[in-house]
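# Per-entry structural report
What follows is each chain in one-letter form.
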Amino acid sequence: MIIVRYDVNQYPFQRVLSSSVFKVPNLHKLHEVWKKQSGKQVLTYKDNIVLRELMQRLPDNSLFYQIYHTWVANVIAPHFNRKISYSAHPKMRVHLSGTGCVSGFHRDVDITKQYDQINCYLPFTNVFEGCTVWCETDYGTDQYKPLNLRYGEALLWDGGMLKHGSKENDTGHTRISCDFRFSPKKPDLVASPWSDILSSRPKLQCTNNQIK
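We now turn to the structure provided with this report. Because the structure is predicted, anything quoted here is derived from the model rather than measured.

## Topic: the pairing of strand β4 (residues 118–123)
Counting buried residues along β4, six of its six residues qualify, which places the element largely inside the surrounding structure. The two faces of β4 match: I118, C120 and L122 on one face and N119, Y121 and P123 on the other face are all buried. Where β4 lies against strand β9 (residues 175–184), six bridges are found, and the strand directions are antiparallel. Within β9, the position partnered with Y121 by the bridge is D179. As defined by bridge partners, β4 adjoins strand β7 (residues 153–157) across three bridges and the pair is classed as antiparallel. By the bridge assignment, N119 is partnered in β7 with W157.

This is the structure in structure tokens:
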């Protein structure tokens, strides 16, 4: 795992989402505003989905996507010989304070069947404990730790083979984030430590033509 830090003034994800998508002064307090707007005392998984859709529906020419593509090109790609294939539309995430799990524990390769991809976890709020993703401490352990990050940090990690998911958000803070996968186009030219992110994986075992 590698934490990448960047200038939030140069790449103002939080400010853009606060002003143009959710219309709130503080993203991490979105649950408070949403309770008032919806008239609900108790928020559920469906509320996370409704708010996530506001992000998912952003047009390709939106300011958010302009910042996102520039960020990938300037912050991530240089570490991988500036040649990567990445998701043009990242997965948007909202995990409101007071709501339960928003993602069951899983390995991405069991869904994507893509074994050469690196995961990038890009939060737009501080994320910690119940309001972040939990990840295996090592491959196959089923022992988990929270991926704690501050706004202005992104995590490059092996979400393909490390099992991960979420827990009840009991922190009082809402998580707003996105995540995406990418692959270096010329992995042989990538230097350490960037070339090491997937290197500690256990060897893949093939049984009955299936990779486990």
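## Section: the side chain of S18
Following the sequence through the fold, S18 ends up in helix α1 (residues 13–22). Among the polar contacts made by the side chain of S18, one reaches the main-chain carbonyl oxygen of Q14 at a distance of 2.9 Å.

## What to know about the pattern of salt bridges
By the definition in use, this model includes seven salt bridges. Note that R93 is salt-bridged to D179, the shortest N-O span being 2.7 Å. With R93 in strand β3 (residues 91–95) and D179 in strand β9, the pair connects residues that are 86 residues apart, well separated along the chain. Here D108 ties to R181 by a salt bridge, and the two come within 3.1 Å at their closest N and O atoms. In this pair, D108 is assigned in the loop between β3 and α5 (109–112) and R181 in strand β9, connecting sequence segments 73 residues apart.

## Looking at the packing of α1 against helix α3 (residues 45–56)
Where α1 meets α3, the closest approach of the two axes is 10 Å, and the angle between their N-to-C directions is 105°. Judged by the inter-axis angle, α1 sits roughly perpendicular to α3. For the pair α1 and α3, the contacting residues are L17, V21 and F22 in the first and L51, L54 and M55 in the second.

## Some details on α1
All buried positions along α1 are accounted for by F13, V16, L17, S18, V21 and F22. Of the surrounding elements, those touching the buried residues of α1 are α2 (30–38), α3, α4 (63–76), β3, β4 and β9. Note on α1: the residue one or two positions beyond its end, K23, has a positive phi of about 55°.

## Quick notes on unusual backbone geometry
Of the consecutive residues S192 and P193, the connecting peptide bond is found in the cis state with omega at 10°. Position of P193 relative to the elements: it lies in the loop between β9 and β10 (206–207). Non-glycine residue K113 carries a positive phi angle of around 65°. Looking at the secondary structure, you find K113 in the loop between α5 and β4. Taking relative accessible area as the criterion, K113 reaches 53% and is therefore assigned exposed. A positive phi angle, near 60°, is found at D142, a position not held by glycine. Relative to the helices and strands, D142 is located in the loop between β5 (134–136) and β6 (144–146). Classification of D142 by relative accessible area gives partly exposed; the value is 42%.

The rules behind the values
- Residues numbered from 1 in each chain as written.
- Predicted model: local features only at pLDDT ≥ 70, side-chain atom pairs only at ≥ 80, totals over all residues.
- Heavy atoms only, no water.
- Buried < 20%, exposed > 50% of the residue type's maximum accessible area, 1.4 Å probe, protein only.
- Helix = DSSP H or I, 4+ residues; strand = E, 2+ residues; numbered from the N terminus.
- Pairing = 2+ DSSP bridges.
- Polar contact = N/O pair within 3.5 Å; in protein donor to acceptor, adjacent residues only side chain to side chain.
- Salt bridge = Lys/Arg side-chain N within 4 Å of Asp/Glu carboxyl O.
- Axes fitted to C-alpha atoms, helices over the stretch in contact; angles between N-to-C directions.
- Parallel < 35°, antiparallel > 145°, perpendicular 65-115°, else oblique.
- Contact = heavy atoms within 4.5 Å.

Don't take any of this as a statement about function, it's just geometry.
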